[in-house]
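Summary of the model geometry
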Amino acid sequence: MRTAHRAETVRAAEAELKARLPEGALMQRAAAGLAAACSGLLPRVYGARVVLLVGSGDNGGDALYAGARLARRGAGVSAVLLGARAHEGGLAALRAAGGRIADDPFEALAVADLVLDGITGIGGQGGLRPDAVPVARAARGSDAIVVAVDLPSGVDADTGEVTGEALRADATVTFGAYKPGLLVDPAREYAGALRLVDIGLGPYLPGVPEMEALQHEDVAQLLPVPGAGSDKYRRGVLGVVAGSVRYPGAAVLAVAGALRGGAGAVRYVGPAGDAVLARHPETLVHSGQPEKAGRVQAWVVGPGLGEGPGTAVAVAEVLASDVPVLVDADGLRGLDPAVVRARRPAPTLLTPHAGEAAALLGVSREEVEAGRLAAVRELAGRFGATVLLKGATTLVCGPEGGPVRVNPTGTAWLATAGSGDVLSGLAGSLLAAGLRAGDAGAAAAYLHGLAARRAAVGAGGLAGRASAGPASAGPVTAGRASAGPVTAGEVAESLRGAWGDVVAPVS
């Protein structure tokens, strides 16, 4: 599992470690890792033209010391000083290694092969200062690889918000621990490929992080495995209340996700029974009320139900049950927090996208997108439920607080009609198998993202152990594998392969 910590937590850990090390040793560790990462991004270091964008904080010092290391290996290194002061030791080291202060920053950037962004650090608030904006734009407009030092300048380390101008990086080399802003949009889009440099903070960081990102081995431990004595009830029976005359496909896709999520059986309730049986004849279909459908271990309600009065009735009936409930799509319209919080004996999992989250919170979609971390926490607290906020970075937050889980898998091709219905069925199936709501949501999002990747590149074109997180992403080129559009049905079909990728032993 990969973890992320808030800026103040990282700073406290650094202070504790610094007290046990010789003066400047921690910065040298960071600079050594940064220089090594930059060396790997250049065709060769000797003769490369490197420009350092240097602010007045420790990030500027990291950049200067890393630049000195590259200069000693034959790179031509120029520093652009953008703060009121520069780190004296780092500046002296750069000059001693043959580096120089750029007379004209724009001239240096025009011919640069690599730019190190050390303008602001994890304590920066708001966007770039006005005097840094022209230089940052010139860096981004050049042909150089832009590498952020610890964090792209202008983004918020703790929230992932970007409230002003920021410098988009091709890669970010971060020190000691991931910061939440590196893992959640919109800031994640500015970070590029991530590399974590271990500088020894581990023993000084708290055991409970701010954010978690599951990896293959974590998900494999969560997924249910039937035993010799298993029957359909031991594996979990999921009830699905979905679809309508207008949207029968939502029912088909939700059931598809459920069947490929390990459910022992799926009971479908709704008017799209013929469409469901045509695609999934093993489904148990019921045309009456959910409470009369038969025994289930969990419910999914909402996908494709439409806006009629029957939707609210179905949601209320399902929420009155004593089993876990996942509410999605139309089921979220007008959902009353008091109803969800009314001492339900089993967990509730809400799975809104940004627009649905905005409606539940009474804010604009843009506000949710700009502050996804704050939005998912607010929803979980307000409704007393686990919330899976869908999006480019899907987040899962429980009502009790604790670490927010961010999903590291997926592809932009997953933004297609019906993919959320598949996710609902998949997560509901894991709820029926007995997983806790947070685990079911996080594992489902992970498998869903892997399945989309497989579908996008073809089942044979993606290695089972393909990149599932920031540290395993190859520098700069992460996520650029050949891919194409996918349908929600193809995502569902690829879930079996994704499941196999996760549980297969490492070769």
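Because the structure is predicted, anything quoted here is derived from the model rather than measured.

Moving on: the overall build of the protein chain. If you tally the helices and strands in the protein chain, you get 21 helices and 18 strands. Its C-alpha radius of gyration of 25 Å places the protein chain within 12% of the 23 Å reference for a compact globule of 507 residues. By the burial criterion, 56% of the 507 residues in the protein chain qualify as buried. When contacts within the protein chain are restricted to residue pairs at least 6 apart in sequence, long-range pairs at least 24 apart make up 73% of them. If you sum the accessible surface of the protein chain, you get close to 20500 Å²; carbon and sulfur atoms cover 51% of it. A gap of 5 Å separates the mean positions of the 46 positive and 48 negative side-chain charges of the protein chain.

The subject of this paragraph is the nonpolar core. Core analysis: the biggest nonpolar cluster contains 102 residues, and Leu34, Leu52, Leu116, Val147, Trp299, Val301 and Leu335 have the highest contact counts within it. Per element, the largest residue contribution to this core is nine residues, and it comes from helix H2 (residues 25-41). Within the second largest apolar cluster, 53 residues are counted, among which are Val240, Leu431, Ala445 and Ala498.

Across all of its chains, the model carries 23 salt bridges by this definition. With its nearest N and O atoms 3.4 Å apart, the salt bridge here joins Asp158 to Arg6. In this pair, Asp158 is assigned in the loop between strand S6 (145-149) and strand S7 (171-175) and Arg6 in the loop between strand S1 (2-4) and helix H1 (7-18), connecting sequence segments 152 residues apart. In this structure, Arg382 engages Glu378 in a salt bridge whose closest nitrogen and oxygen atoms are separated by 2.9 Å. You can see Arg382 and its partner Glu378 sitting in helix H17 (residues 372-383), four residues apart, about one turn around the helix. For Arg382, a relative accessible area of 33% translates into the label partly exposed. One connected set of salt bridges, linked through shared partners, spans Arg6, Glu8, Asp158, Glu210 and Arg377.

Two elements in contact, helix H19 (residues 437-457) and helix H21 (residues 495-503), have axes separated by 8 Å at closest approach and are oriented at 115°. With respect to each other, H19 and H21 are oriented roughly perpendicular. Seen along the crossing, H19 lies across H21 with a hand that is right-handed. Where H19 abuts H21, its residues Tyr446, Leu447, His448, Leu450, Ala451 and Arg454 lie against Leu495, Gly497, Ala498, Trp499, Asp501 and Val502. Looking at side-chain class alone, the contact of H19 with H21 contains eight nonpolar, two polar and two charged residues.

Moving on, we come to the sheet that holds strand S3 (residues 76-81). The seven strands lie next to each other as S4-S3-S2-S5-S6-S7-S8, forming an open sheet whose pairing is parallel. Unpaired on one side and paired on the other, strand S4 (100-101) and strand S8 (193-197) mark the two borders of the sheet. As paired elements, S3 and S4 share two bridges and run parallel to each other. The residue bridging Ser78 from the neighbouring strand is Arg100, located in S4. Set on the sheet, helix H3 (residues 58-72) makes contact with strand S2 (49-54), S3, strand S5 (114-118), S6 and S7; between it and S2 the angle comes to about 165°.

Look at H2 against H3: their axes get within 8 Å of each other, and the N-to-C directions meet at 55°. The orientation of H2 with respect to H3, classified from their angle, is oblique. Helix-helix and strand crossings are classified by hand; for H2 and H3 the assignment is right-handed. For the pair H2 and H3, the contacting residues are Met27, Gln28, Ala30, Ala31, Ala32, Leu34, Ala35, Cys38 and Ser39 in the first and Asp58, Gly61, Asp62, Ala63, Tyr65, Ala66, Arg69 and Leu70 in the second. For the contact of H2 with H3, a count of residues per class yields 11 nonpolar, three polar and three charged.

Before going further, it helps to spend a moment on the sheet that holds strand S15 (residues 348-350). The strand order across the open sheet built from 11 strands is S1-S9-S18-S17-S16-S15-S14-S13-S10-S11-S12, with neighbouring strands paired in mixed fashion. Edge positions in the open sheet fall to S1 and strand S12 (284-286), since each of these has one partner strand only. Across this sheet, the average inter-strand angle for adjacent strands is 20°, counted without regard to direction. Here three bridges tie strand S13 (residues 298-301) to strand S14 (residues 325-327), and the two strands are oriented parallel to one another. Across the sheet, Trp299 pairs through a bridge with Val325, a residue of S14. Set on the sheet, H19 makes contact with S15, strand S16 (386-389), strand S17 (395-397) and strand S18 (404-406); between it and S16 the angle comes to about 15°.

Conventions used here
Residues numbered from 1 in each chain as written. Predicted model: local features only at pLDDT ≥ 70, side-chain atom pairs only at ≥ 80, totals over all residues. Heavy atoms only, no water. Helix = DSSP H or I, 4+ residues; strand = E, 2+ residues; numbered from the N terminus. Rg over C-alpha atoms; globule rule 2.2 N^0.38 Å. Buried < 20%, exposed > 50% of the residue type's maximum accessible area, 1.4 Å probe, protein only. Contact = heavy atoms within 4.5 Å. Areas by Shrake-Rupley, 256 points an atom, 1.4 Å probe, with all protein chains shown as cover. Lys, Arg positive; Asp, Glu negative; His and termini not counted. Charge placed at Lys NZ, Arg CZ, Asp CG, Glu CD. Core = buried A, V, L, I, M, F, W, Y, C linked by side-chain atoms within 4.5 Å. Salt bridge = Lys/Arg side-chain N within 4 Å of Asp/Glu carboxyl O. Axes fitted to C-alpha atoms, helices over the stretch in contact; angles between N-to-C directions. Parallel < 35°, antiparallel > 145°, perpendicular 65-115°, else oblique. Left-handed = near helix turned anticlockwise from the far one by under 90°. Nonpolar A, V, L, I, M, F, W, Y, C, P; charged D, E, K, R; others polar. Pairing = 2+ DSSP bridges.

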